[in-house]
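# Structural features, examined
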2 protein chains.
Amino acid sequence: MLSNACKYAIRAMIYLASRQSEDVKVNIRDISAEVDSPEPFTAKIMQALSKQGFVSSLKGPTGGFYLETKQAETTLLEIVKAIDGTQVLDGCGLGLKTCSDAHPCPIHQEYSHVRQHFNDMLENNTIIGLAQAMHGSNSVLKNILTI
Amino acid sequence: MLSNACKYAIRAMIYLASRQSEDVKVNIRDISAEVDSPEPFTAKIMQALSKQGFVSSLKGPTGGFYLETKQAETTLLEIVKAIDGTQVLDGCGLGLKTCSDAHPCPIHQEYSHVRQHFNDMLENNTIIGLAQAMHGSNSVLKNILTI
DNA sequence: ACAGAAAAAGATAAATTTATCTTAAATTTG
DNA sequence: CAAATTTAAGATAAATTTATCTTTTTCTGT
């Protein structure tokens, strides 16, 4: 559904949010270790997120990546759009360029509903919300991450 | 959501179903022209569908691909499983290997619902059903295909 | 039997995604 | 200021998906 790059991005941002209170910058090594993603590839993705303003960063010793309060409010939808684009969010289920409400493909209606469901889910979940939900739950990420 | 290969496969099978009544075998040239897919790539995909019993074929002049009555009853779910595998149907939304009901990732619940919705849609639609629904509608495929 | 038509199979190539490596720039600390 | 650390940026490589090409096999019609 989502590309690896996008999944890594989301996981990384949730991790950053979970450490937001510490007021500490996290380096790539820590991020990729905790999030279980290849280090140099993760660096590239963090770079992209940084360039687009989804995360903040600082170079040099004690530098690294971190989230500002506002950035932690980012929805999954925004991240998906930024990393994977909108194809998965609004494209035809059968890949037909000319598919539309007026000229629907055979699965247009039903697929639109599924897609809408997916969109809603992404839009209704913020990074900070997911990070907080992990506290006190037995979430997978909680075991991988060190909260 | 689905790979190109899978979309081509579904479109091709709908096309075959739409010509099923003619009791005619359709060659690759016709299929890829009507379905708007690259010819040699489509040939590969049809080969795979044939090898797995989703379509029938006959070599030689007047040969080509066709559907038997039972094959037209194939659901989209079966095709997706055969071409794309089950990852998109049951994999974790964030790509975590250890995600499960017992140890859910932060979006586990909501993502499971979306996925289930997608699964249901695929399972409730047969190739023949979609082909028939196109008759008398203004479906996109109907304009591309020659029914 | 023969010629032509078509799928099957296998090898190859292009494009994209995923991943890595190397160098440069910035920042902190001693 | 110098050294160490870290992101940024750019070049390269591997893997996968997408696409093409070539040869072989099978079948039909004459």
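Scroll up for the structure.
Residues numbered from 1 in each chain as written. Chains lettered and ligands numbered in written order. Predicted model: local features only at pLDDT ≥ 70, side-chain atom pairs only at ≥ 80, totals over all residues. Heavy atoms only, no water.

## Remarks on the pattern of salt bridges
The tally for this structure, following the rule as stated, stands at four salt bridges over all chains. Measuring nitrogen to oxygen at the nearest pair gives 3.0 Å for the salt bridge that ties Glu22(A) to Arg19(A). For Arg19(A), a relative accessible area of 16% corresponds to the buried category. The residue Lys97(A) makes a salt bridge to Asp36(B) at a minimum N-O spacing of 2.9 Å. Residue Lys97(A) is located in the loop between α5 (87-90) and α6 (108-123), and its partner Asp36(B) is located in the loop between α2 (28-35) and α3 (39-51); the two belong to separate chains. (Salt bridge = Lys/Arg side-chain N within 4 Å of Asp/Glu carboxyl O. Buried < 20%, exposed > 50% of the residue type's maximum accessible area, 1.4 Å probe, protein only. Helix = DSSP H or I, 4+ residues; strand = E, 2+ residues; numbered from the N terminus.)

## A few points about the protein's contact with DNA strand C
Surveying the vicinity of DNA strand C reveals 27 residues, the closest of which are Pro38(A), Pro61(A), Lys44(B), Ser57(B) and Pro61(B). When the atoms of DNA strand C within 4 Å of the protein are sorted by group, sugar and phosphate make up 63%. A distance of 2.8 Å separates a phosphate oxygen of DNA strand C from a polar side-chain atom of Ser57(B). Contact between DNA strand C and Gly60(B): a sugar or linking oxygen at 3.3 Å from a main-chain N or O atom of the residue. Those elements that place two or more of their residues in the surface near DNA strand C are α1 (4-18) and α3 (39-51) of chain A together with α2, α3, β1 (56-58) and β2 (64-66) of chain B. No other element matches the four residues that α3(B) contributes to the surface near DNA strand C. (Near = heavy atom within 4 Å. Polar contact = N/O pair within 3.5 Å; in protein donor to acceptor, adjacent residues only side chain to side chain.)

## Thoughts on the interface of chain B and chain A
Counting residues at the interface gives 39 residues for chain B and 39 residues for chain A. Across the interface of chain B and chain A, roughly 3,400 Å² is buried in total on both sides, 67% from carbon and sulfur atoms. On the chain B side of the interface with chain A, the three residues burying the most area are Met1(B), Leu94(B) and Val140(B), jointly 19% of the side's total. For the pair chain B and chain A, the number of links is two salt bridges. The interface formed by chain B and chain A holds 13 residue pairs in polar contact (both at pLDDT 80 or more) in total. Residue assignment for the side of chain B that touches chain A shows that the elements contributing at least two residues are α1 (4-18), α6 (108-123), α7 (127-134) and α8 (140-144) of chain B. Top contributing element to the side of chain B that touches chain A by residue count: α6(B), with seven residues. Taken together, the residues of the side of chain B that touches chain A sort by class into 23 nonpolar, 11 polar and five charged. (Contact = heavy atoms within 4.5 Å. Buried area = accessible area lost by both parts, 1.4 Å probe. Nonpolar A, V, L, I, M, F, W, Y, C, P; charged D, E, K, R; others polar.)

## Focus on the protein's contact with DNA strand D
The full set close to DNA strand D counts 28 residues, and Asn27(A), Lys44(A), Ser57(A), Pro38(B) and Pro61(B) are the nearest of them. Near-protein atoms of DNA strand D (within 4 Å) split between backbone and bases, with sugar and phosphate holding 65%. Between a phosphate oxygen of DNA strand D and a side-chain N or O atom of Arg29(A), the distance comes to 3.0 Å. With respect to DNA strand D, the side chain of Ser57(A) contributes an N or O atom lying 2.7 Å from a phosphate oxygen. Of all elements in the fold, only α2 (28-35), α3, β1 (56-58) and β2 (64-66) of chain A together with α1 and α3 of chain B reach the threshold of two or more residues within the surface near DNA strand D. Considering each element in turn, the surface near DNA strand D owes the most residues, four residues, to α3(A). Of the residues contributing to the surface near DNA strand D, the split by class is 11 nonpolar, 11 polar and six charged.

## What to know about the relation of the copies chain B and chain A
Superposition of the two copies of the chain requires a rotation about an axis and a shift along the axis. The transformation that overlays chain B on chain A combines an axial shift of 0.0 Å with a rotation of 180°, and the residual RMSD is 0.1 Å. Taken together, the rotation and translation relating the two chain copies correspond to the operation of a two-fold axis. Considering only C-alpha atoms, the part of chain B nearest the rotation axis is Met1(B), at 2.5 Å. With an isologous cut-off of 70% or more, the 100% of interface residues of chain B that recur at the interface of chain A puts this contact in the isologous class. (Least-squares fit on C-alpha atoms with pLDDT ≥ 70 in both.)

## Overview of the packing of aromatic side chains
Residues and elements named next belong to chain A. Counted according to the given criterion, the structure contains two aromatic pairs over all chains. For the ring pair Tyr-8 and Phe-41, a centre distance of 5.9 Å and an interplane angle of 85° mean the geometry is edge-to-face. Placement of the pair is Tyr-8 in helix α1 and Phe-41 in helix α3, with a sequence separation of 33 residues. When the ring centre of Tyr-66 is taken as reference, the NZ or CZ atom of Lys-25 above it lies at 5.2 Å. (Phe/Tyr/Trp six-rings, centres within 6.5 Å; stacked < 30°, edge-to-face > 60°. Lys NZ or Arg CZ within 6 Å of the ring centre and 35° of its normal.)

## So, the packing of α1(A) against helix α7 (residues 127-134) of chain A
All names here are of chain A. Close contact between α1 and α7 brings their axes to 8 Å; oriented N to C, the two are set at 65°. Judged on the interaxial angle alone, α7 and α1 are roughly perpendicular. Here the hand of the crossing between α1 and α7 comes out right-handed. In this structure, α1 contributes Ile-10, Met-13, Ile-14, Ala-17 and Ser-18 to the contact, and α7 contributes Ile-127, Ile-128, Leu-130, Ala-131 and Met-134. (Axes fitted to C-alpha atoms, helices over the stretch in contact; angles between N-to-C directions. Parallel < 35°, antiparallel > 145°, perpendicular 65-115°, else oblique. Left-handed = near helix turned anticlockwise from the far one by under 90°.)

## Notes on α6(B)
Across its 16 residues, α6(B) extends 22 Å between first and last C-alpha, which sits within 8% of the 22 Å expected from 1.5 Å per residue. Along its buried surface, α6(B) packs onto α6 of chain A together with α4 (76-84) and α5 (87-90) of chain B. (Expected span 1.5 Å × (residues − 1).)

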